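Per-entry structural report
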Amino acid sequence: MRNRAPASNPRGRAAWSGEGRDFAANRGRPLSLCGLEEPRRLGGIWVLPLLFLLGLTPGCGGRGPAPDLVIINGKEPESLDPAVMSGEAEGRIVQALFEGLTRYNPTNGMAEPGLAESWTLSENGRRYRFRLRSEARWSNGEPIRTKDVLYSWFRMIDPVEGSQYSSPFYLIRNAEAYQTGTVKSRAEVGMKASDELNLEVELENPAPYFVELCAYAPMAVVPQQSIERHRSAWLTQGQPPASGAYTLVEWRLNDRVRLRKNPHYWDAAGVKSTLIDLLPVTHPTTALNLYLSGQADVIWDKDLIPSDLVETLRKRPDFHSFDYLATYFLRFNTTRKPFHDPRVRRALALAIDKRRIVEQITRGGERPAGHLVPPGLPGYVSPPGLSVDPDRARALLAEAGFPGGAGFPKFHYHFDSRKSQENIAVQIQAMWEKELGLRAELRPQEWQVYLNTQSQLDYDISRSSWIGDYNDPTTFLDLFAGGNLNNRTGWKHEKYDTLLKRAGAEPAGPARAELLRQAETLLVEQEMPVVPLYFYAGMQIHDPRRIEGIHPNLRAEHPLRAVARRGARR
Amino acid sequence: MIPVLLGISFVVFGMIRAAPGGPFDTARAAVSEEARDALRARYHLDEPVWKQYGRFLAQLVKGDLGPSLKYRHHTVNDVLSQALPVSMMLGVMAFLFALALGIPLGVAAAVGRGRASGWLAESAILLCISIPALLLGPLLVLVFAVGLGWFPVGLWNSPWHAVLPVATLGIFFAGRVARLMREGMMDAFGSSFVTAARARGVGEGSLIWRHALPIGATPVVSYAGPLLADLLTGSFVVENVFQIPGIGVFMVNSALNRDYTMVVGLVLVYAVLLLMLNLVVDVAYTVLDPKVRHG
């Protein structure tokens, strides 16, 4: 493969001078259509298209200096505001711009001190005292103080803001009640500033993962003055002060987000790259081509890697696959017959050979899932769950009143209409038909309709997935608590809720882990409102000889401050 | 024009709201009732649709197409001001490319009729017309960007970034221009005007370029208006393949995202563009064709 990528240069416009020379050299060759009788007369006209191209492109000239690092980041960010963002692509940028009390360690993805230099936890595990760094500064040089943290956090639970990711704050005493309007006074919410540098946070229950959540993008510290002055345009009017390692230089829709190192960042010495471009690319083939041609240095995640080429790409030294905190599973609508019967749900689960799905369809290093919580979380071991057992499945189905599938009502398998989802759906459909004599009708839907159908419980069986928000089993298990907005199965089980509640009252330790394990056992071995199918594998493409600072970890947390290119771009 | 635009806005406004799913539905975070209510109130989605439409029209009069419901830091006007110039530049360049390639190709096909050169030109025209942009774009990228490294794979940073997308977008239309040009030139060669010129001993080159071409180009001139309209509005695929920050990507995604304001805004802008171009074509006909001018 030949790479003709540009050499770095101070203005960027001449970045493609390499191509320019090649192109100009070829322009000298005869361009007339060979074989024509009038090549001399007609020949000159053939260069017209090229002249038009050269003459009419002033508006697409290069902008600014060449970046140190170019990352293909996924879809166009809907927002870079912690109160609005909802996706991973946005989260990476938000975390670079706005830091929380803690931040992610680039090697293991765990929390480490961020804007807070230290904290203490009370004996009952419910009261944190954070101490902010006295040297913490906004990118405009102003100090970051506890009032900034309180503004940012109260903004997230302010009902008027309509924040999409306020649920992490519900751990804080009365935060949820404040958002729903039950509690009106801020004084009753469990977050208070003792002084300019000390902050006290009181939780509803012990939550060993709270410190980790403080590194999560929705809990980042944002600039009050900028937001109040510019309202919804605060990220697009001028350059908002940043509390993180980078400042926002430019955000051009569907073109790029450009970040520059924040010189006032408390750990500026640890920030590796000065100028980073994040490209919003959604087509895997385009992403791969940009990488292969040297226009980009990193492809961030698996959705940007062409699935048809995964087998081939896996053999390359710049392809990286790793365990990832995410599970693919099926939801049953337990409010509909016959899926209200756990025996039917277990029978359908036992008939699925999950290994075939990961080996023949996904083929990206995924692992079959017997349980919902992916392995690898410290201090927690999931129950084994159910493995494929068609005989037991048939027996259960007969016990439920459908011997050999006789009398089983017509039902739908619901999924979003992407090819990869369809392939899985067809495979599962074939397994159920072969092993149980049940014929599922496939029901693909466009994404927004699919989401709506699922949340309205207008399905029989629906494909789903979940990526963990923090390194704790509850990021998966809480989903199926009665009343959780992400439950979407209609399933509510008193014992399950009690187990979660009891676990919530326990501090970190074996007793808490055991209660969570009991809850998960109920979920994936007995009741089965969901069928875990496989654990995701993370995938990235970058050349480790040229890119440093990207380390595989369960949450695929790769803070931009640690990522850098060694030497000039290829 | 205004009644047409009003009709379009009314239909699109109603249709996009009738689609299931809303702009604030996400898979990752189920928005609480309170948050959802706050968002709906902020964007006036809690009002009856007729009232929302009235509000939209009132803003439209002031030239404001409203906020984007998905890209919430941007207004529809912001998006248009960033993306529309890119799409227009791409369209205009592809238009010029189509003319610059299509006209000589059509002339070559007509001049070389019955000979190898004519057959070659005919084949080239056929190829231009048959190969879809969805196939041509990746093919050009594979050969000229990834393989040979002559041009960038995608993005929109320098003149070199424009070459492959413009070729991809323009080549089909170049084929259509060439076909019209060839027919026009054939008619011209058969006309008494050209025959008389040939009898007067006018040289072959002068006969083609000075006498036959102006007559032969008439169908191409007629087609230029619709061609430009097609190119300005038809760059979705090319923008996606080459990651160009034009309006095409928004056009597709806004409907999928249920970005109500963006959908209506973009459709209206395209409608205005098409109406304006049709007007220009009508005026051009009047200027060029004496029969139209004199009724």
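Keep in mind the model is a prediction, meaning the values are calculated, not measured.

The next thing to look at is the environment of A:Lys261. Residues and elements named next belong to chain A. By the secondary structure assignment, Lys 261 is in strand 9 (residues 256–261). In this structure Lys 261 comes out as partly exposed when scored by relative accessible area, which is 26%. Taking the C-alpha atoms as reference points, Lys 261 and Arg 561, 300 residues apart in sequence, are found 8.4 Å from one another. Sequence-distant contacts of Lys 261, defined by excluding residues within four places in its chain, comprise Ala 245, Tyr 246, Ala 268, Val 271, Ser 273 and Thr 274. A polar side-chain atom of Lys 261 sits 3.5 Å from the main-chain carbonyl oxygen of Val 271.

This part is about the pairing of strand 12 (residues 319–332) of chain A. All names here are of chain A. Of all 14 residues that make up strand 12, 12 are buried, and the element is covered over most of its length. Where strand 12 lies against strand 16 (residues 461–467), 7 bridges are found, and the strand directions are antiparallel. When the bridges of strand 16 are listed, Tyr 328 appears paired with Ser 465.

Moving on to the sheet that holds strand 7 (residues 198–202) of chain A. All names here are of chain A. Strand order in the open sheet formed by 4 strands is 4-5-7-6, with antiparallel pairing between adjacent strands. Each of the sheet's edge strands pairs with one partner strand only, and the pair in question is strand 4 (116–121) and strand 6 (191–193). Averaged over neighbouring strand pairs, the angle between their axes works out to 20° when direction is ignored. Both strand 6 and strand 7 contribute to a ladder of 3 bridges, which runs antiparallel. Bridging from a neighbouring strand, Lys 192 pairs with Glu 200 of strand 7. Each of strand 5 (127–132), strand 6 and strand 7 touches helix 5 (residues 146–157); the most contacted strand, strand 6, lies at about 160° to it.

Time to look at a nonpolar patch on the surface. All names here are of chain B. Together, Met 1, Val 272 and Met 276 line one region of the surface with nonpolar side chains, adding up to about 250 Å² of accessible area. Among the secondary structure elements, Met 1 is positioned in the segment before helix 1 (2–18). For Met 1, a relative accessible area of 43% puts it in the partly exposed group.

Ranked by internal contacts, the top residues of the largest apolar core, which has 188 residues, are A:Trp153, A:Ile172, A:Phe210 and A:Leu259. Per-element tally for this core: the top contributor is helix 4 (residues 76–111) of chain B, with 21 residues. Non-local contacts of A:Leu259, meaning those with residues more than four positions away in its chain, are made with A:Ile93, A:Ala96, A:Leu97, A:Tyr246, A:Thr247, A:Leu248, A:Val249, A:Thr274, A:Leu275, A:Ile276, A:Leu278 and A:Leu560. Residues A:Ala326, A:Phe402, A:Leu436 and A:Tyr534 belong to the second largest nonpolar core, which totals 41 residues.

Quick look at the packing of aromatic side chains now. Residue and element names in this part refer to chain A. In total, this model carries 34 aromatic pairs over all chains according to the counting rule given. Ring geometry for Phe 154 versus Tyr 178: centroids 5.7 Å apart, planes at 70°, classification edge-to-face. In this pair, Phe 154 is assigned in helix 5 and Tyr 178 in helix 6 (residues 175–180), connecting sequence segments 24 residues apart. By relative accessible area, which is 4% here, Phe 154 ends up buried. Judged by relative accessible area, which is 11%, Tyr 178 ranks as buried. Note on Phe 411 and Trp 432: the rings are 6.0 Å apart at their centroids and 55° apart in plane angle, and the pair reads as tilted. Of this pair, Phe 411 sits in strand 14 (residues 411–416) while Trp 432 sits in helix 14 (residues 419–436), placing them 21 residues apart in sequence. Trp 432 sits in the buried class, given a relative accessible area of 0%. Through pairs of rings, three or more aromatic residues link up here, namely Phe 332, Phe 339, Phe 402, Phe 408, Phe 411, Tyr 413, Phe 415 and Trp 432. The side chain of Arg 133 reaches across the aromatic face of Trp 266, ending 3.5 Å from its centre.

All names here are of chain A. Residue Pro 338 follows Lys 337 across a cis peptide bond; omega there is 0°. Note that Pro 338 resides in the loop between strand 12 and helix 11 (342–350). Phi at Asn 174 is positive, roughly 65°, even though this residue is not glycine. Relative to the helices and strands, Asn 174 resides in the loop between helix 5 and helix 6. With a phi angle near 50°, Arg 231 is a residue other than glycine that sits in the positive phi range. With respect to the helices and strands, the residue Arg 231 is situated in the loop between helix 8 (224–230) and strand 8 (246–252). Residue Arg 231 is classed as exposed on the basis of its relative accessible area, which comes to 53%.

We now examine the packing of helix 7 (residues 159–189) of chain B against helix 9 (residues 204–216) of chain B. Residue and element names in this part refer to chain B. Running from amino to carboxyl end, helix 7 crosses helix 9 at an angle of 115°, the nearest separation of the two axes being 7 Å. At the point where helix 7 passes helix 9, the crossing takes the right-handed sense. Taken together, the residues of helix 9 that come into contact with helix 7 (itself represented by Leu 180, Met 181, Gly 184, Met 185, Ala 188 and Phe 189) are Ile 208, Ala 212, Leu 213, Ile 215 and Gly 216. Its residues placed into classes, the contact of helix 7 with helix 9 shows 9 nonpolar, 2 polar and no charged.

Residue and element names in this part refer to chain A. When the pLDDT values of chain A are averaged, the result is 87; 88% of them are 70 or greater. In the model, residues 1–49 has pLDDT below 50 throughout and makes 93 contacts with residues more than four positions away in sequence or in other chains. Per-residue pLDDT stays below 50 along residues 58–62; that stretch engages in 11 contacts with residues further than four places along the chain or on separate chains.

Definitions and cut-offs
Residues numbered from 1 in each chain as written. Chains lettered and ligands numbered in written order. Predicted model: local features only at pLDDT ≥ 70, side-chain atom pairs only at ≥ 80, totals over all residues. Heavy atoms only, no water. Helix = DSSP H or I, 4+ residues; strand = E, 2+ residues; numbered from the N terminus. Buried < 20%, exposed > 50% of the residue type's maximum accessible area, 1.4 Å probe, protein only. Contact = heavy atoms within 4.5 Å. Polar contact = N/O pair within 3.5 Å; in protein donor to acceptor, adjacent residues only side chain to side chain. Pairing = 2+ DSSP bridges. Axes fitted to C-alpha atoms, helices over the stretch in contact; angles between N-to-C directions. Patch = residues over 30% accessible without salt bridge, like charges linked within 9 Å, V, L, I, M, F, W, Y side chains within 5 Å. Areas by Shrake-Rupley, 256 points an atom, 1.4 Å probe, with all protein chains shown as cover. Salt bridge = Lys/Arg side-chain N within 4 Å of Asp/Glu carboxyl O. Core = buried A, V, L, I, M, F, W, Y, C linked by side-chain atoms within 4.5 Å. Phe/Tyr/Trp six-rings, centres within 6.5 Å; stacked < 30°, edge-to-face > 60°. Lys NZ or Arg CZ within 6 Å of the ring centre and 35° of its normal. Left-handed = near helix turned anticlockwise from the far one by under 90°. Nonpolar A, V, L, I, M, F, W, Y, C, P; charged D, E, K, R; others polar. pLDDT = per-residue confidence, 0-100.

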